[in-house]
Amino acid sequence: AQLGESGGGVVQPGESLRLSCKAGGFTLAYYAVTWFRRVPGKEREGIACIGSTDADNDSAVPLGGARYADSVQGRFAVARHNSENAVYLQMNDLKPEDSAVYYCTTYNTPLETCSSAGLKESAYDFWGHGTQVTVTA
């Protein structure tokens, strides 16, 4: 089983990026997926979570919906694309302080909501390699 993030890059303030998190070897649909980011010298910050679904099609509704950190609320949106075995993070109105390496991870227990999974790094132990986002003028 593996997770892979992509879509990072260098953008200017106010621009947008869409990150993807794709799973291999297991069905991502059944697991809550959380996005974290980390800047050098700091711990990973949980920024967005989307609940699991109980079916692997694109019409399945995430259990408990999504949850966001205050730092990205209203600017970032997380969505599932179960047919692609993927979760996407749409990032709008990017700011220099959004510069970080972005990671996706899955909660260990299937069919859970973000209320159970949470945004704390200690709740997760399955990580991708991350993708770098740099926001600079």
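Sequence order as written defines residue numbering, which begins from 1 separately in each chain. Two thresholds apply to this predicted model, a pLDDT of at least 70 for residue-level local features and 80 or more for giving and counting side-chain atom pairs, whereas whole-chain, interface and lining totals are computed over all residues. Hydrogens and waters are ignored; side-chain quantities use all the structure's heavy atoms.

This next bit is on the environment of P62. Along the polypeptide, P62 turns up in the loop between β5 (45-50) and β6 (66-68). Throughout this description, buried means an accessible area under 20% of the type-specific maximum (1.4 Å probe, protein chains only), exposed means over 50%, and partly exposed covers the range between. Look at P62 and you get partly exposed, because its relative accessible area is 21%. Between the C-alpha atoms of P62 and A79, which are 17 residues apart in sequence, the distance is 9.0 Å. A contact between two residues is defined here by any heavy atoms of the two lying within 4.5 Å. Excluding anything up to four places from it in sequence, P62 contacts I50, G51, S52, T53 and R80. Where helices and strands are cited, they refer to DSSP runs of H or I of at least four residues and of E of at least two residues respectively, numbered from the N terminus.

Structurally, P96 is set in the loop between β8 (86-91) and β9 (100-106). Discounting chain neighbours no more than four positions away, the residues touching P96 are P13 and V135.

Here the focus is the sheet that holds strand β10 (residues 131-135). Read across the open sheet, the 6 strands follow the order β2-β10-β9-β4-β5-β6; overall the sheet is mixed. The open sheet has two free edges, formed respectively by β2 (9-11) and β6, since each of these has just one partner strand. Put simply, the sheet's adjacent strands are angled 25° from each other on average, direction ignored. Should DSSP find at least two bridges between two strands, the strands are regarded as paired. Strand direction decides the pairing type here: β5 and β6, joined by 3 bridges, are antiparallel. Within the sheet, the bridge partner assigned to A48 lies in β6 and is Y68. Only the stretch in contact is used when a helix axis is fitted, and all axes are lines through C-alpha atoms; the angle between N-to-C directions ranges over 0 to 180 degrees.

In this section: the state of the cysteines. Disulfides are defined in this document as cysteine sulfur pairs within 2.5 Å. A full pass over the atoms with the stated rule returns 2 disulfides. What pairs with C21 in a disulfide is C104, and their sulfur atoms sit 2.1 Å apart. With the S-S bond torsion at 75°, the cross-link from C21 to C104 turns out right-handed. In this pair, C21 is assigned in strand β3 (residues 17-24) and C104 in strand β9, connecting sequence segments 83 residues apart. In this structure, C21 and C104 share a single accessibility class: buried.

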